[in-house]
Amino acid sequence: MSREGAPGPIRANTVFDLHSHTTCSDGALEPRELIARAAEKGVDVLAITDHDTIDAYRNRGPLQDGPTLVSGIEFSTHWEHIGIHVLGLNIDLQCEAIRAGVRFQTAARQERARRIGENLAKMGIADAYEGAARLARGSYIGRPHFAQYLVDIGRVRSLDTAFRKFVGDGKAGDVRRHWAAMPQVVEWILEANGIPVLAHPLKYKLTRTRLKRLLGAFAAAGGQGMEVVSGQQNPQQTAGMAQVCADLGLLASRGSDFHAPGSPWAELGAGPPLPPHLTPVWERFA
Ligand code: AMP
Ligand code: MN
Ligand code: MN
Ligand code: MN
C-alpha cells in the first residue's frame, strides 16, 4: 500500500477512511491522537490528508497497533474561479515533486493570509492578519484562524457566521488565486505515484452538469477518482455521487473529512460503505 505498511488482503468489511486532518493543518488532534481515535472507531485503513502539508507523517511518532496508514495530502486549488480541493492518496512522501508542491502551497498560504487581511481591513476589520497569525502561532495559517479572530473580537458570534459573512465561499476572505492551478497539483500527485481524487464534490454546490464538467477537466488533467462517500451525506446524495462516478468511469473514494471530535464534523470512519458496483480507489494502491 505504501511504505507505511501493507494492509494485507482486503477483507470485504475493511473500513477505509481516506480523508482526515490533524493539528498539522486545521484538525484538533495530533497525528498520534488521530490514529488512536481511528483505531477506537474501527477504522482499518486511514489516510491523513492535511491541507497542503505532509508534516503529520513526520510528526506522528512510532506506529503501534492501529490502522494501516496510507499517505495522503489535500491540496487547495481552483477551477473556473471556484476553490476546490484535490486529494493525493498513496503518494511517495519522499518524492521531490510533492515536496516542492508543499513548499509552493505553504508560500501561497502565507501570501493569501496577507491578502485576506487586506480584504478584511477594507471592510473595517483592523489587524485581522496579525490576529490570525497569532492564533496560528507562526505556522500553518488558514481561514479558520481568521474566523476565530472575528469571533474573538466580537465581530460575529460563531465560526459558522464568520465563514458565512466574511471568509466562506465568495466572501472577502475567500482568496484562491495564490494556489497552484488544478493541473499542477494533479501533476505533483502523479509524479509521486499517487492517485488524484476530487475531494467532497458536493461541497462546491455545483449543478450536476457543472460538476461533470469539473470532473471532465480533472480527468483530462490526469485526475483519477472522486469521493463518493464524504463526511455527512444523506443516501440520496451518496447515490447521486455514485451515479456521477460510474458515468465518468472514475475510481471511488470514501472519507470522513474528520477535523475534530463533535459536530459539525463527521466522525472517523463514518458513513456508508461504497456502493458495490464502483471500483474503489484502494484497488489501485500499489
Ligand atoms: P483554508 O484551508 O484556509 O481555505 O480553510 C478552509 C477550512 O475551513 C476547511 O477545510 C474547513 O476545515 C474550514 N471550514 C470551512 N467552512 C467552515 C465553517 N462553516 N465552519 C467552520 N470551519 C469551516
Ligand atoms: Mn479543513
Ligand atoms: Mn476540503
Ligand atoms: Mn479535508
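Look up: the structure comes first, before these words.
Being a predicted model, the structure only gives us computed values, none of them experimental. (Residues numbered from 1 in each chain as written. Chains lettered and ligands numbered in written order. Predicted model: local features only at pLDDT ≥ 70, side-chain atom pairs only at ≥ 80, totals over all residues. Heavy atoms only, no water.)

Enquirer: I'd like a rundown of the pairing of strand E4 (residues 82-89), residues and numbers included.
Expert: In terms of burial, E4 is a largely internal element, seven of the eight residues being buried. Hairpin connection between strand E3 (residues 68-79) and E4: a loop of two residues separates the two successive antiparallel strands, and Glu80 in this loop has a positive phi of roughly 45 degrees. (Buried < 20%, exposed > 50% of the residue type's maximum accessible area, 1.4 Å probe, protein only. Helix = DSSP H or I, 4+ residues; strand = E, 2+ residues; numbered from the N terminus. Pairing = 2+ DSSP bridges.)

Enquirer: Can you lay out the coordination of the manganese ion (ligand 3) for me, pointing to particular residues and giving the numbers?
Expert: For the manganese ion (ligand 3), every protein donor is listed as Glu74 (OE), His85 (ND1) and His200 (NE2), and the spread of their distances is 2.1 to 2.2 Å. Mapped onto the sequence, the donors of the manganese ion (ligand 3) take the spacing E-x10-H-x114-H. A gap of 5.7 Å separates the manganese ion (ligand 3) and the manganese ion (ligand 2). Pair noted here: His85 is in strand E4 and His200 is in the loop between strand E5 (195-198) and helix H8 (208-220), with a separation of 115 residues, a long-range link. The same class applies to His85 and to His200, which are both buried. (Donors = N, O, S within 2.8 Å, 3.2 Å for Na, K, Ca; no water.)

Enquirer: Requested: an account of the environment of Pro31, with residues and values cited.
Expert: Among the secondary structure elements, Pro31 is positioned in helix H1 (residues 31-40). What makes Pro31 buried here is its relative accessible area of 1%. Separated by 183 residues in sequence, Pro31 and Leu214 have C-alpha atoms that sit 32 Å apart.

Enquirer: Run through the environment of His200, naming residues and quoting values.
Expert: Residue His200 is classed as buried on the basis of its relative accessible area of 7%. It is 27 Å that separates the C-alpha atoms of His200 and Val156, two residues lying 44 residues apart in sequence. Apart from residues lying up to four places away in sequence, His200 is in contact with His19, Glu74, His85, Glu227, Ser230 and Asp257. (Contact = heavy atoms within 4.5 Å.)

Enquirer: For the packing of aromatic side chains, give the residues involved together with the corresponding values.
Expert: Tallied over the full model, the rule gives three aromatic pairs. Here the aromatic rings of Phe75 and Trp188 are separated by 5.4 Å at their centres, their planes lie at 50 degrees, and the arrangement is tilted. Placement of Phe75 in strand E3 and of Trp188 in helix H7 (residues 182-191) is noted, with a sequence separation of 113 residues between them. On the basis of relative accessible area, Trp188 is assigned to the buried category, the value being 8%. Taken together, Phe75, Phe104 and Trp188 form an aromatic cluster joined through their ring pairs. (Phe/Tyr/Trp six-rings, centres within 6.5 Å; stacked < 30°, edge-to-face > 60°.)

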